[in-house]
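Listed below are the residues making up each chain.
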Amino acid sequence: MTKGQAAAGVTLPPLPDDLRRQEAHAPVVEGEPVIAILARERQALDRANARQGRTVQFYDDIKTKFGAH
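Residues numbered from 1 in each chain as written. Predicted model: local features only at pLDDT ≥ 70, side-chain atom pairs only at ≥ 80, totals over all residues. Heavy atoms only, no water.

Draft legend 1. Region of the structure containing the overall build of the protein. Along its length, the protein carries 2 helices and 0 strands. Across the 69 residues that make up the protein, the buried fraction comes to 12%. Long-range contacts, defined as pairs at least 24 residues apart, comprise 57% of the intrachain contacts of the protein with a sequence gap of at least 6. (Helix = DSSP H or I, 4+ residues; strand = E, 2+ residues; numbered from the N terminus. Buried < 20%, exposed > 50% of the residue type's maximum accessible area, 1.4 Å probe, protein only. Contact = heavy atoms within 4.5 Å.)

Here you go:
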């Protein structure tokens, strides 16, 4: 428990490990069509955006639980 948590009397839940992960760029394979590389890069962006959405939801859930506005 941190000093701030002790002072507030609140123990926050741990952040899910998944929400700390960084998304790597899609690999570029020599000779592969650019459209295939672009498609993989877009999939990586979709995963990163979904993770960001889960992070925001996690934070919003905590705010709701503790009555913050």
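Draft legend 2. Looking closely at helix 2 (residues 34-65). Counted at 1.5 Å a residue, the expected span for helix 2 with its 32 residues is 46 Å, and the 47 Å between its end C-alpha atoms agrees. Within helix 2, burial applies to Ile37, Ala44, Arg51 and Ile62. A positive phi of about 70° marks glycine 67, the residue just after helix 2. (Expected span 1.5 Å × (residues − 1).)

Draft legend 3. Structural context of the environment of alanine 26. Note on placement: alanine 26 falls in the loop between helix 1 (3-8) and helix 2. Here the alpha-carbon distance between alanine 26 and alanine 36, two residues 10 residues apart in the chain, equals 9.8 Å. Beyond its immediate sequence surroundings of up to four residues, alanine 26 is in contact with Ile37, Arg40 and Glu41.

Draft legend 4. Quick peek at the pattern of salt bridges. Enumeration over the complete set of coordinates arrives at 5 salt bridges. Note that arginine 21 and aspartate 18 form a salt bridge whose closest N and O atoms lie 3.8 Å from each other. Relative accessible area serves as the criterion here: at 28%, aspartate 18 is assigned to the partly exposed category. A salt bridge links glutamate 23 to arginine 51, with the nearest nitrogen and oxygen atoms 2.8 Å apart. Residue glutamate 23 is located in the loop between helix 1 and helix 2, and its partner arginine 51 is located in helix 2; the two are separated by 28 residues in the primary sequence. With relative accessibility at 5%, the residue arginine 51 sits in the buried group. Where salt bridges share partners, they join Asp18, Arg21 and Arg54 into one cluster. (Salt bridge = Lys/Arg side-chain N within 4 Å of Asp/Glu carboxyl O.)

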